[in-house]
Protein chains: 2
Amino acid sequence: MIRLASKDIKEAIEKDLTQEVASLKASGVEVCLAVILVGEDPASQIYVGSKEKACERLGIGSLVTRLPKETSQKELLALVKRYNEDPKVNGILCQVPLPKGLNEQEVIEAIDPDKDVDCFHPFNLGLLAAGAPRFMPCTPFGVLQILKRSNIPTQGKKVVVVGRSNIVGRPLSILLSLKGWDATVTLCHSGTQNLAAECAQADILVAAIGKPEFIKSEFVKPGAVVIDVGVNRVEDPSHPKGSKVVGDVDYDAVSTKAQAVTPVPGGVGPMTISMLMYNVINAARFQKGMPPFQL
Amino acid sequence: MIRLASKDIKEAIEKDLTQEVASLKASGVEVCLAVILVGEDPASQIYVGSKEKACERLGIGSLVTRLPKETSQKELLALVKRYNEDPKVNGILCQVPLPKGLNEQEVIEAIDPDKDVDCFHPFNLGLLAAGAPRFMPCTPFGVLQILKRSNIPTQGKKVVVVGRSNIVGRPLSILLSLKGWDATVTLCHSGTQNLAAECAQADILVAAIGKPEFIKSEFVKPGAVVIDVGVNRVEDPSHPKGSKVVGDVDYDAVSTKAQAVTPVPGGVGPMTISMLMYNVINAARFQKGMPPFQL
């Protein structure tokens with residue numbers, strides 16, 4: 001069984017991205033990401049910190065605006081507008097979830113689609129659904145990069161994606177069935193009957209449901225590739241912190257049957273920020289009329 | 001075996017839509033569709049004629065602009081802009097395919113998303129992919145109406161959609177997996193292996209591939225519902241015209257196994273224009289700040 005850790009893949013991609021940032025800089029193009037964080041959600045603070053660090057690592061400029069949780073929708077939209085109009089800002093990201101009372105969808109739709117590096121704006125999701133994506137949804141594209149760089153072909157393969165979220169499951173199911181990836185994709189969700197039997201048909205099984213260690217051995221066909229997108233914190237008295245992070249897949253049980261499994265942590269998770277950086281670089285390229293940098 | 005003809009469903013829907021148009025008119029809201037036809041493609045001329053007739057039948061105003069095939073992209077975009085800015089025009093539709101040399105995608109993206117009654121604009125496709133559709137893609141929504149009004153539930157059912165076009169297969173696969181419809185959907189296409197076996201798992205099988213009578217008996221599980229979206233003209237010396245229209249499903253062969261099959265002609269096809277009229281009415285409602293009329 002192959003443990004599909006993403007460390008080497010992430011490093012190889014970030015090396016390419018760092019070179020691309022340097023090459024853009026040499027031709028006079030500075031790349032810059034603006035991040036908006038509203039409130040004090042601890043997880044969001046960690047995510048935003050990681051994004052700042054990734055920008056620094058790659059030579060991308062970052063502007064982080066931290067707003068109090070009492071910020072009004074109007075103030076938030078005004079800041080988005082300022083970043084939309086600022087030619088030095090290539091990409092804009094508003095960390096979600098927003099504090100209660102703020103309208104997330106309105107903020108997403110207020111971001112200029114040309115600067116929507118999360119690929120959450122309906123216009124960019126629609127380009128994806130029409131088979132001509134411009135930005136790539138970060139976590140789904142991270143999954144595709146793991147598959148591609150681990151030499152796991154998707155063409156003609158049966159893929160089952162479990163979970164229909166707007167951020168992972170649905171966009172990944174669309175991407176995998178596009179020309180080029182050419183998988184036969186089944187999207188499963190909370191309303192699916194005989195879920196284990198559906199999953200057990202998959203050559204490639206993707207778990208993105210947010211239920212700790214939900215995918216057991218009987219969900220997996222012998223020899224399948226299993227991609228675990230889950231990040232769940234569960235209690236564990238044996239750990240110094242009293243808790244640990246596990247995926248949506250029961251790794252130990254599934255390992256005995258699968259050909260390859262992504263671990264949690266160290267699998268899909270770390271890829272997401274690198275894919276965000278990829279989108280920021282392409283935002284800068286698109287804004288200069290250049291074609292996308294390809295991974 | 002039930003022959004799922006759409007005549008009665010279409011009539012019932014159009015009766016509701018006619019009442020809604022009259023009720024909007026009574027409150028001072030006129031509904032109007034602008035149609036652009038470039039060139040002399042015979043099929044396009046017939047489609048545009050049918051759309052004009054449907055508008056007339058329902059009390060919706062229609063403006064049809066017929067342009068010569070030599071029309072430039074610039075002239076076409078200028079006309080779209082004029083309709084975008086005309087407050088009397090609620091919906092705009094540019095009949096596709098366009099003559100060679102014209103950029104279809106640019107024209108689609110030039111239409112104000114608020115008037116995009118074909119639901120081809122990336123913004124509207126994206127709202128659909130995000131689970132919050134505003135306009136409905138016409139042919140896919142026609143399929144959903146046939147299912148709903150024939151009391152064929154989709155919740156928890158296994159649906160296989162064959163064909164990944166941007167107009168039918170992909171948007172229908174997305175719609176059916178959204179909350180509310182809750183089907184477990186597999187999207188098959190030209191790259192799918194063991195297509196017959198995939199299809200034979202379906203409780204509801206949708207054929208949208210454009211290959212005459214391609215779906216045979218072995219593609220169908222006993223008791224399945226089969227929806228035929230295909231419209232293919234094939235030679236037939238026994239017909240007065242020397243040809244006839246058939247679907248993507250071998251109707252006679254499949255009838256012996258399926259619980260219900262939509263015929264061609266007389267099944268999905270006639271629904272599309274009624275769903276277009278539905279979108280035109282909702283465009284008028286949205287532009288007045290009203291919620292959608294629900295079918």
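What counts, and at which threshold
- Residues numbered from 1 in each chain as written.
- Chains lettered and ligands numbered in written order.
- Predicted model: local features only at pLDDT ≥ 70, side-chain atom pairs only at ≥ 80, totals over all residues.
- Heavy atoms only, no water.
- Contact = heavy atoms within 4.5 Å.
- Buried area = accessible area lost by both parts, 1.4 Å probe.
- Salt bridge = Lys/Arg side-chain N within 4 Å of Asp/Glu carboxyl O.
- Polar contact = N/O pair within 3.5 Å; in protein donor to acceptor, adjacent residues only side chain to side chain.
- Helix = DSSP H or I, 4+ residues; strand = E, 2+ residues; numbered from the N terminus.
- UniProt positions renumbered as here; feature names shortened; annotations may be inferred.
- Pairing = 2+ DSSP bridges.
- Axes fitted to C-alpha atoms, helices over the stretch in contact; angles between N-to-C directions.
- Buried < 20%, exposed > 50% of the residue type's maximum accessible area, 1.4 Å probe, protein only.
- Core = buried A, V, L, I, M, F, W, Y, C linked by side-chain atoms within 4.5 Å.
- Least-squares fit on C-alpha atoms with pLDDT ≥ 70 in both.
- Phe/Tyr/Trp six-rings, centres within 6.5 Å; stacked < 30°, edge-to-face > 60°.
- Lys NZ or Arg CZ within 6 Å of the ring centre and 35° of its normal.

> An account of the interface of chain A and chain B is requested, with residue identities and associated values reported.
Each side of the interface is counted separately: chain A has 32 residues, and chain B has 32 residues. Regarding the contact of chain A and chain B, the summed buried area is about 2,600 Å², with carbon and sulfur atoms giving 49% of it. The interface formed by chain A and chain B holds 4 salt bridges in total. For the salt bridge of K158(A) with E198(B), the shortest nitrogen-to-oxygen distance reads 3.0 Å. At the junction of chain A with chain B, the criterion picks out 18 residue pairs in polar contact (both at pLDDT 80 or more). Of all the secondary-structure elements, those providing two or more residues to the side of chain A that touches chain B are α5 (122-129), α7 (169-176) and β6 (184-188) of chain A.

> Tell me about the UniProt feature "domain: Tetrahydrofolate dehydrogenase/cyclohydrolase catalytic" (unreviewed entry) in chain A, and please be specific about residues and values.
Residues annotated in UniProt with the feature "domain: Tetrahydrofolate dehydrogenase/cyclohydrolase catalytic" (unreviewed entry) correspond here to residues 5-118 of chain A. Between the end C-alpha atoms of residues 5-118 of chain A there is a gap of 24 Å, over a span that is 50% helix and 16% strand.

> Go over the sheet that holds strand β4 (residues 91-94) of chain A, please, and point to the residues and values.
All names here are of chain A. Reading across the sheet, the 3 strands line up as β3-β2-β4 and stay open at both edges, with parallel pairing between neighbours. Every other strand in the sheet has two partners, leaving β3 (61-67) and β4 as the edge strands with one partner each. Averaged over all adjacent pairs, the angle separating strand axes in this sheet is 15°, with direction ignored. Pairing between strand β2 (residues 32-38) and β3: 7 bridges, direction parallel. Within β3, the residue paired with V38 across the bridge is L67.

> Go over the side chain of R164(B) with me, naming the residues and quoting the values.
The residue R164(B) is located in the loop between β5 (158-162) and α7 (169-177) in this model. Looking at R164(B), the relative accessible area reads 12%, which means it is buried. A polar contact of 2.9 Å, which involves the side chain of R164(B), links it to the backbone oxygen of S177(A). Separated by 2.9 Å, the side chains of R164(B) and D182(A) make a polar contact. Leaving out residues up to four positions away in the same chain, R164(B) has contacts with S177(A), L178(A), K179(A), D182(A), G169(B), R170(B), L187(B), C188(B), H189(B) and S190(B).

> Residues and numbers for the nonpolar core, please.
Counting 127 residues, the largest nonpolar core has I227(A), M277(A), I227(B) and M277(B) as the members making the most contacts within it. Beyond its immediate sequence surroundings of up to four residues, M277(B) is in contact with L17(B), L33(B), K51(B), A54(B), C55(B), L58(B) and I60(B).

> So what about the relation of the copies chain A and chain B? Which residues, and what values?
Screw-axis analysis of chain A against chain B gives a translation of 0.0 Å along the axis, an RMSD of 0.0 Å, and a rotation angle of 180°. The superposition operator between the copies reduces to a two-fold rotation axis. When the interface residues of chain A are mapped onto chain B, 100% of them are again interface residues, pointing to one common binding face.

> Can you tell me about the packing of aromatic side chains, naming the residues and giving the values?
Across all of its chains, the model carries 6 aromatic pairs over all chains by this definition. With 5.7 Å between their ring centres and 65° between their planes, F214(A) and F219(A) make a pair best called edge-to-face. Pairing F141(B) with Y278(B) gives two aromatic rings, centres 5.4 Å apart and planes at 35°, and the pair type is tilted. Taken together, the residues span a long stretch of sequence, with F141(B) in helix α6 (residues 138-149) and Y278(B) in helix α10 (residues 269-287) at a distance of 137 residues. When sorted by exposure, F141(B) lands in the same class as Y278(B), which is buried. The positively charged end of K211(B) is found above the aromatic ring belonging to F214(B), 5.0 Å away from the centroid.

> Explain the pattern of salt bridges to me, and be specific about the residues and the numbers.
Within the structure shown, the criterion is met by 28 salt bridges over all chains. The partner of R134(B) in a salt bridge is D114(B), and the shortest N-O contact between them spans 2.7 Å. Of this pair, R134(B) sits in the loop between α5 (122-129) and α6 while D114(B) sits in the loop between α4 (104-110) and α5, placing them 20 residues apart in sequence. We classify R134(B) as partly exposed; its relative accessible area is 24%. D114(B) gets classed as partly exposed once you look at its relative accessible area, which sits at 37%. It is possible to trace a salt-bridge network through shared partners that takes in K10(A), E14(A) and R57(A).

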